[in-house]
Amino acid sequence: MKKAFDQVIHDILSFNVLEQSILVAVAGLFLPFQFSAAVLAAVLVFALWKGHLVQAVRQQRGALWFYAFCALEIVVSALYRNWIGLLNAGGFVLIGFFIAFYRRQLTPRLFQYVVSEIIVLSWLAGFYGLYEFQKVSARKGYDFFDFVIQNSPKDRINSSFMNANFYATILEFEVVFCLYKFIRTKKAGFRVYYVVTACFNFFMMLLTGCRTALLPFLFIFPVFFWFDRKRIWFIGSMIAEMSALVLVLMFPELIPRFDQMSTLTSRFEIWSTSLLAISMHPWFGQGPQTYGHVYKALHGHKAPHSHNIALDALTSYGVVGTTLLLGYGWSVWREIYASYRQSKDPAIFAMILCFFVIFFIHGLLDVTMNFLATGCIFLLVINSAAPNKAIRS
């Protein structure tokens, strides 16, 4: 253990100062979002001072699409006095600049340390989440080990991520990171560590009470093993998935808040209001978080967003903004697929696909990528294909 720890310290010290600043920024994502933004901004100022930011943005994949989208959302949000949307649009720019800087500095070794760092930090976030759960349980008159999960958002744990659903998305990411590292290492001790960490994060996800976060797990493991060309693991994962599904059907109380259906009913009200908002401003929307900006005027159900990624994109960004965002996504996807065809490590591609599974499946009933930590980690991963194409399994 000491030898491994010493090796980690040696490797971190051997990174150049720009690479170290990226590790600092990633750690900052586990702070409350105000502090995360401050850390990212400080790192970007440092990169600008060192003369590495401007060129990084110029060379950024899909930059024209992405920054045209950001500029449009800033203008639209200001025009409709959607101040939360304007703040979100500013966050998009901050994330975009950081991703540009990250791409320019990224090497396979740095990527592995970024993933390892995020996995380690999940323990700190989890311990704080357990502390939160204890406080909520005591306040509601329950023992911690009763594991009673509340329906009210203010009584559900979020660690440092503001909202239980944001934290649940981070935990989905953590399980995929652990799966990726588990497959890449052959050392039994590390494999045990990744299994234990994945189980801990999955347990924490159950404590968040976010039922939508469970849906991607119907696909994550089979998708990963299939595209990583691990056929035996794929068959085993399919058997495990079917067994788990049968178990849940037999014992639905295994699902957090399984008997609390009010939030599902409210989704239909939210979607109906979103469709009305789209019909009123189909081309440009009214900026990020439009639903939260207009639901009162439209007599809709209270919510910050549309609880569906497609509806929320059209409600907030309109046809034009959504097209720009899709253009950026297509540009990055072309790079991902091209890298996969040349890659000696299909696990990178498999992991990226799992992140897309989370994005789309979780996004059927919720919108969690418009938060600094979730959005930044998602973009970090999908922008990591090209520098990793030479890694050997």
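See above for the structure.
What you see is a predicted model; the values in this text were computed from it and never measured.

Rules used in this analysis
- Residues numbered from 1 in each chain as written.
- Predicted model: local features only at pLDDT ≥ 70, side-chain atom pairs only at ≥ 80, totals over all residues.
- Heavy atoms only, no water.
- Helix = DSSP H or I, 4+ residues; strand = E, 2+ residues; numbered from the N terminus.
- Rg over C-alpha atoms; globule rule 2.2 N^0.38 Å.
- Buried < 20%, exposed > 50% of the residue type's maximum accessible area, 1.4 Å probe, protein only.
- Contact = heavy atoms within 4.5 Å.
- Lys, Arg positive; Asp, Glu negative; His and termini not counted.
- Charge placed at Lys NZ, Arg CZ, Asp CG, Glu CD.
- Phe/Tyr/Trp six-rings, centres within 6.5 Å; stacked < 30°, edge-to-face > 60°.
- Axes fitted to C-alpha atoms, helices over the stretch in contact; angles between N-to-C directions.
- Parallel < 35°, antiparallel > 145°, perpendicular 65-115°, else oblique.
- Left-handed = near helix turned anticlockwise from the far one by under 90°.
- Nonpolar A, V, L, I, M, F, W, Y, C, P; charged D, E, K, R; others polar.
- Expected span 1.5 Å × (residues − 1).
- 1 Å grid on protein atoms, 1.4 Å probe; cavity = no way out; pocket = protein on both sides within 12 Å on 5 of 7 lines; lining within 4 Å.
- Points joined across faces, edges and corners; volume = space filled by probe spheres on them.
- Polar contact = N/O pair within 3.5 Å; in protein donor to acceptor, adjacent residues only side chain to side chain.
- Core = buried A, V, L, I, M, F, W, Y, C linked by side-chain atoms within 4.5 Å.

1. A short note on the overall build of the chain
Phase 1 of the analysis: In terms of helices and strands, the chain carries 16 helices and 0 strands.
Phase 2 of the analysis: A compact globule built from 393 residues should have a C-alpha radius of gyration of about 21 Å, and the chain, at 21 Å, falls within 12% of that.
Phase 3 of the analysis: Summarising its shape, the C-alpha atoms of the chain cover approximately 60 × 55 × 40 Å along the three principal directions.
Phase 4 of the analysis: Among the 393 residues that make up the chain, the fraction classed as buried is 53%.
Phase 5 of the analysis: By sequence separation, contacts in the chain at least 24 residues apart represent 77% of the contacts at least 6 residues apart.
Phase 6 of the analysis: Separation between the mean location of the 32 positive side-chain charges and that of the 20 negative ones in the chain comes to 10 Å.

2. Observations regarding the packing of aromatic side chains
Phase 1 of the analysis: Taken as a whole and judged by the stated rule, the model has 44 aromatic pairs.
Phase 2 of the analysis: Centre to centre, the rings of F66 and Y328 are 5.1 Å apart; their planes meet at 55°, and the pair counts as tilted. Of this pair, F66 sits in helix α5 (residues 63–79) while Y328 sits in helix α14 (residues 309–342), and the two are 262 residues apart along the sequence. The two residues F66 and Y328 agree in class, both being buried.
Phase 3 of the analysis: Taking 4.9 Å as the distance between ring centres and 85° as the angle between the ring planes, the aromatic pair formed by F69 and Y317 counts as edge-to-face. With F69 in helix α5 and Y317 in helix α14, the pair connects residues that are 248 residues apart, well separated along the chain.

3. Quick look at the packing of helix α2 (residues 17–28) against helix α6 (residues 83–105)
Phase 1 of the analysis: In the contact formed by α2 and α6, the axes pass within 10 Å of each other and the chain directions differ by 135°. Considering the angle they form, α2 stands oblique to α6. Crossing geometry of α2 relative to α6 is assigned as left-handed. From α2, L18, E19, S21, I22 and A25 reach across to α6, where they touch F98, F101, Y102 and Q105.
Phase 2 of the analysis: Class assignment for the residues of the contact of α2 with α6 results in 6 nonpolar, 2 polar and 1 charged.

4. Observations concerning helix α11 (residues 231–250)
Phase 1 of the analysis: For α11, which comprises 20 residues, the first-to-last C-alpha distance of 29 Å matches the rise-based estimate of 28 Å (1.5 Å per residue) to within 8%.
Phase 2 of the analysis: Buried residues along α11 sit against α10 (220–227).

5. Looking at the layout of surface pockets
Phase 1 of the analysis: If you add up the space inside the second largest pocket, you get close to 1,100 Å³.
Phase 2 of the analysis: Contributing to the lining of the second largest pocket are 26 residues, with V8, Y113, S116, F190 and Y194 lying nearest its centre.
Phase 3 of the analysis: Elements represented by at least two residues in the lining of the second largest pocket include exactly α1 (2–14), α2, α7 (108–139), α8 (164–184) and α9 (188–208).
Phase 4 of the analysis: Looking at the lining of the second largest pocket element by element, the count peaks at 8 residues for α7.
Phase 5 of the analysis: Split into classes, the residues belonging to the lining of the second largest pocket amount to 15 nonpolar, 5 polar and 6 charged.

6. Here we look at the environment of F97
Phase 1 of the analysis: Structurally, F97 can be placed in helix α6.
Phase 2 of the analysis: Note on F97: relative accessible area 29%, which makes it partly exposed.
Phase 3 of the analysis: Between the alpha carbons of F97 and A164 there is a distance of 27 Å; along the sequence they are 67 residues apart.
Phase 4 of the analysis: Each residue touching F97, except ones within four places of it in the same chain, is listed here: L44, L53, V57 and Y67.

7. Considerations on unusual backbone geometry
Among all residues save glycine, negative phi is the norm, and among peptide bonds the norm is trans.
Phase 1 of the analysis: Phi at R81 takes a positive value of approximately 55°, unusual for a residue other than glycine.
Phase 2 of the analysis: Positionally, R81 belongs in the loop between α5 and α6.
Phase 3 of the analysis: The backbone of R229 shows a phi angle near 65°, a positive value even though the residue is not glycine.
Phase 4 of the analysis: Its location among the elements puts R229 in the loop between α10 and α11.

8. Here we look at the environment of N370
Phase 1 of the analysis: Relative to the elements of secondary structure, N370 occurs in the loop between α15 (346–362) and α16 (372–382).
Phase 2 of the analysis: Distance from N370 to G91, taken between C-alpha atoms, is 8.9 Å for residues 279 residues apart in sequence.
Phase 3 of the analysis: Aside from chain neighbours lying at most four places away, what touches N370 is N88, F166, Q289 and H305.
Phase 4 of the analysis: Within polar-contact distance, the side chain of N370 engages the side chain of Q289 at 2.7 Å.

9. Structural notes on the packing of α7 against α8
Phase 1 of the analysis: Interaxial distance between α7 and α8 falls to 10 Å at its minimum, and their mutual angle equals 130°. In terms of axis orientation, α7 runs oblique to α8. α8 is crossed by α7, and the crossing has left-handed handedness. The segment α7 lies against α8, with F111, Q112, V115, S116, I118, I119, S122, A125 and G126 engaging Y167, E174, F177, C178, Y180, K181 and R184.
Phase 2 of the analysis: When grouped by side-chain class, the residues that make up the contact of α7 with α8 number 9 nonpolar, 4 polar and 3 charged.

10. With respect to the nonpolar core
Within soluble globular proteins, side chains that are nonpolar tend to cluster in buried spots.
Phase 1 of the analysis: Ranked by size, the top nonpolar core spans 107 residues in total, and within it F98, F177 and F224 carry the most contacts.
Phase 2 of the analysis: Here the element with the most residues in this core is α8; it accounts for 14 residues.
Phase 3 of the analysis: Apart from residues no more than four positions distant in its own chain, F98 is found in contact with I22, A25, L40, V43, L44, C376 and L380.
Phase 4 of the analysis: Residues I270, I278, Y295 and L311 belong to the second largest nonpolar core, which totals 7 residues.

Read these as layout, nothing more, since geometry by itself doesn't imply function.
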